[in-house]
Amino acid sequence: MMPLPDAADPLELLEVAREAAAAGAAVLAQRSAGGLNAVNKSADGDWVTDFDTAAEVAVREVLARLRPHDTVMGEELEPAVPVHPSGIRWSIDPLDGTTNFIRDIVYYGTSVAAVNDDGEWLAGVVHAPALVRVYSAARGHGAWLAEHGSVRKLTGPDPQRVGKLLGTGFSYDAGVRSEQYAALPQLAGEFADVRRMGSAALDLCMVADGSLDAYIERGLNEYDYAAGALIAEEAGVPVQRPPQPANDAERLDAVTVAGAALLG
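Residues numbered from 1 in each chain as written. Predicted model: local features only at pLDDT ≥ 70, side-chain atom pairs only at ≥ 80, totals over all residues. Heavy atoms only, no water.

A. Structural detail: the overall build of the chain. The secondary structure content of the chain amounts to 7 helices and 14 strands. Its C-alpha atoms give the chain a radius of gyration of 18 Å, within 12% of the compact-globule value 18 Å for 264 residues. Along the longest, intermediate and shortest principal axes, the C-alpha atoms of the chain span 60 × 40 × 40 Å. The proportion of buried residues among the 264 residues of the chain is 51%. Within the chain, contacts between residues at least 6 apart in sequence are counted, and of these 58% link residues at least 24 apart. Carbon and sulfur atoms provide 53% of the accessible area of the chain, an area that totals close to 11,900 Å². On the chain, the mean spot of the 20 positive side-chain charges and the mean spot of the 38 negative ones are 5 Å from each other. (Helix = DSSP H or I, 4+ residues; strand = E, 2+ residues; numbered from the N terminus. Rg over C-alpha atoms; globule rule 2.2 N^0.38 Å. Buried < 20%, exposed > 50% of the residue type's maximum accessible area, 1.4 Å probe, protein only. Contact = heavy atoms within 4.5 Å. Areas by Shrake-Rupley, 256 points an atom, 1.4 Å probe, with all protein chains shown as cover. Lys, Arg positive; Asp, Glu negative; His and termini not counted. Charge placed at Lys NZ, Arg CZ, Asp CG, Glu CD.)

B. How the structure looks around helix α4 (residues 174–187). Here α4 is 14 residues long and its end C-alpha atoms lie 19 Å apart, about the 20 Å a rise of 1.5 Å per residue gives. With a side-chain oxygen positioned 3.1 Å from the backbone nitrogen of Gly175, the residue opening α4 is Asp173. (Expected span 1.5 Å × (residues − 1). Polar contact = N/O pair within 3.5 Å; in protein donor to acceptor, adjacent residues only side chain to side chain.)

C. Representation of the sheet that holds strand β14 (residues 255–258). What the 5 strands build is an open sheet, ordered β11-β10-β12-β14-β13; its pairing is mixed. Strands with a single pairing partner mark the edges of an open sheet, and in this sheet they are β11 (193–195) and β13 (239–240). Here β13 pairs with β14 via 2 bridges, running antiparallel. Of the residues in β14, the one forming a bridge with Val239 is Ala258. (Pairing = 2+ DSSP bridges.)

D. Looking closely at the nonpolar core. Within the largest apolar cluster, 35 residues are counted, with the highest numbers of intra-cluster contacts made by Val126, Tyr135, Leu154, Tyr215, Ile231 and Ala258. For this core, the secondary structure elements donating two or more residues are β5 (109–116), β6 (121–128), β7 (133–138), β8 (143–147), α5 (200–208) and α6 (222–234). Among the elements that make up this core, the one with the highest residue count is α5 (8 residues). Formed by 20 residues, the second largest nonpolar core is a distinct cluster that contains Ala20, Val59, Val62 and Ala138. (Core = buried A, V, L, I, M, F, W, Y, C linked by side-chain atoms within 4.5 Å.)

E. Summary view of the sheet that holds β6. Read across the open sheet, the 7 strands follow the order β3-β4-β5-β6-β7-β8-β9; overall the sheet is mixed. The strands lining the two open edges of the sheet, one partner per strand, are β3 (71–74) and β9 (150–154). Taking each pair of neighbouring strands and ignoring which way they run, the sheet shows an average axis angle of 15°. In terms of strand pairing, β8 meets β9 through 5 bridges, oriented antiparallel. Bridging from a neighbouring strand, Trp144 pairs with Lys153 of β9. Each of β4 (88–96), β5, β6, β7, β8 and β9 touches α6; the most contacted strand, β6, lies at about 105° to it. (Axes fitted to C-alpha atoms, helices over the stretch in contact; angles between N-to-C directions.)

F. Main features of the environment of Pro68. In this structure, Pro68 sits in the loop between α2 (50–66) and β3. Considered as a pair, Pro68 and Glu147 are 79 residues apart in the sequence and their alpha carbons are 30 Å apart. What Pro68 contacts, discounting residues up to four positions off in sequence, is Leu63 and Pro82.

G. The pairing of strand β12 (residues 214–218), seen in detail. Counting buried positions along β12 gives 5 out of 5 residues, so the element sits mostly inside the fold. Burial of the side chains of β12 extends over both faces: Ala214, Ile216 and Arg218 are buried on one face and Tyr215 and Glu217 on the other. As paired elements, strand β10 (residues 165–168) and β12 share 3 bridges and run parallel to each other. Along β12, the bridge assignment pairs Gly167 with Tyr215. With 4 bridges connecting them, β12 and β14 associate as antiparallel partners. Within β14, the position partnered with Ile216 by the bridge is Val257.

H. Quick look at the packing of aromatic side chains. Summed over the entire model, instances satisfying the criterion amount to 3 aromatic pairs. Through a chain of ring-to-ring contacts, the aromatic side chains of Phe51, Phe101 and Tyr108 assemble into a single cluster. Note that Arg31 overlies the ring of Phe101, its terminal NZ or CZ placed 5.6 Å from the centroid. (Phe/Tyr/Trp six-rings, centres within 6.5 Å; stacked < 30°, edge-to-face > 60°. Lys NZ or Arg CZ within 6 Å of the ring centre and 35° of its normal.)

Right, dumping it as structure tokens:
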């Protein structure tokens with residue numbers, strides 16, 4: 001029987017995540033308005049395109065080749081569970097920011113992250129091809145941004161900065177969205193302004209790189225925050241992930257926070 005690969009080395013997993021995310025991002029980089037074939041999935045703002053599916057296929061091909069014993073879960077395709085699981089599971093969002101992608105707004109990317117059976121997130125990459133940015137982190141090894149040929153370590157926002165910015169997002173569910181709108185004045189009270197970029201993965205990365213001072217959003221799926229939350233943590237940002245929901249109602253109530261100290 002073929003021996004299983006080392007299941008717990010974050011740096012090895014990070015190299016796999018980089019290659020897998022790059023494969024997905026390469027699909028997104030081929031964006032053409034005529035090839036979108038955008039379809040509404042569930043609510044007015046919840047879309048899927050042919051690029052979402054093709055990017056996930058590209059990511060999974062890399063993972064199947066390099067980590068055939070790992071479990072793989074993504075937004076668009078059914079979970080892949082091997083006969084003899086390695087203890088590592090991948091969480092994929094092939095196109096985070098689909099609405100932005102459809103409208104040719106540059107805040108979108110491919111998110112790939114690995115977690116072990118103990119719930120420890122070990123490696124994550126958010127590859128944003130239109131921004132020419134690759135955010136990455138391995139557990140215990142810091143967070144990094146590769147951009148235009150340079151690489152720098154991320155250390156989170158400046159706590160002394162004046163005029164703090166809060167990043168957030170709003171639910172596809174109209175009832176939840178109305179509650180979020182109503183709560184926004186109180187939520188944003190400690191901040192000079194609010195930004196809504198349309199990609200949870202990139203919002204979390206932008207807290208990691210200091211562009212945003214904090215981020216909070218209700219109702220995210222795991223694949224939305226999987227890589228970005230680890231990148232923020234490894235940049236030294238306190239992160240609160242939601243508990244694993246038992247049903248969709250619990251998911252809609254769950255909150256993801258980065259920069260919790262700034263939110264009191």
